[in-house]
Amino acid sequence: MENVITITKTAQKKVEANYARISVTAVGENKEYSVAATTAENAAVRLTAMLSQLDGVEVTSGGISVSTVQSDKKTVGYRAVRKLFVCFEYSHELCDKVVYVLSELPVEFNVAFTYKGEKDRGLLQLAVVGAREDALSIAAAAGVKLGKLCKTEYASDGGHPVVMRAAYGMTPEPEQITLSETVTCSWEIL
């Protein structure tokens, strides 16, 4: 049995989301494979061209997939889905412009906001200080002294994206993101 006190502590902080990532699905459906694929691709090309007019907006491709549409176990058509991702530093004005462009095309989309920036080292320090304070309290209650730090483990969570569906005529607004730093520290018992 080890003579250590091990504490896991998490420090958290709320920050304003500052980055938007929009997953866009351009869909084409038709009895003919080539027409379904072309319809989806044309919507994606139009979207890319329209968004390239906006400064600070990056559009990347997620590929295309085509599936059969079945009725009574017979193929009656094809559904082509072209995925795109639209990313930009969030501002209400730019988001409004991007959503307007999306609303002009036959696409479906989901908006995710996240935090993109420097790690907050103050959170890590706060977690370590909190872990040490808890270890000192346990050691005092047990009538022992705390020795040197002998092991640490560290995990960082930059905040999970907050996903929102955009409603027609409304620009989605980001919510706050929770950043967290978690440490597990072990101290020798003297």
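Check the entry above for the structure.
Residues numbered from 1 in each chain as written. Predicted model: local features only at pLDDT ≥ 70, side-chain atom pairs only at ≥ 80, totals over all residues. Heavy atoms only, no water.

Asker: Looking at this structure, I do not really get the nonpolar core. What am I missing?
Answerer: Buried together is how nonpolar side chains tend to be arranged in soluble globular proteins. I22, V24, F88 and V98 are the most contacted members of the largest nonpolar core, which has 42 residues in total. Residue assignment for this core shows that the elements contributing at least two residues are strand 1 (4-16), strand 2 (19-30), helix 1 (33-51), strand 4 (74-89), helix 2 (92-103), strand 5 (107-114), helix 3 (121-142) and strand 8 (176-189). Setting aside chain neighbours within four positions, we find I22 in contact with L84, F85, V86, F88, V98, L102, F109, N110 and V111. (Core = buried A, V, L, I, M, F, W, Y, C linked by side-chain atoms within 4.5 Å. Buried < 20%, exposed > 50% of the residue type's maximum accessible area, 1.4 Å probe, protein only. Helix = DSSP H or I, 4+ residues; strand = E, 2+ residues; numbered from the N terminus. Contact = heavy atoms within 4.5 Å.)

Asker: Got a minute to help me understand the sheet that holds strand 8 in this structure?
Answerer: The strands that make up a sheet pair up through hydrogen bonds in the backbone, lying either parallel or antiparallel. Strand order across the open sheet formed by three strands is 1-8-6, with antiparallel pairing between neighbours. The open sheet has two edge strands, strand 1 and strand 6 (146-157), and neither has a second partner. Mean inter-strand twist for the sheet, computed between neighbouring axes without regard to direction, equals 20°. (Pairing = 2+ DSSP bridges. Axes fitted to C-alpha atoms, helices over the stretch in contact; angles between N-to-C directions.)

Asker: For this particular structure, what's the right way to read the pairing of strand 5?
Answerer: Every other side chain in a regular strand lies on the same face of the sheet, so the side chains alternate between the two faces. Strand 5 sits mainly inside the fold: six of its eight residues count as buried. Sheet topology places strand 2 next to strand 5; eight bridges connect them, and they run antiparallel. Bridge pairing links A20 to F113 in strand 5.

Asker: Looking at this model, I keep getting lost on the pairing of strand 8. Mind explaining?
Answerer: Note that strand 1 and strand 8 share 13 bridges and pair antiparallel. Bridge assignment links T8 to a residue of strand 8, and that residue is T184.

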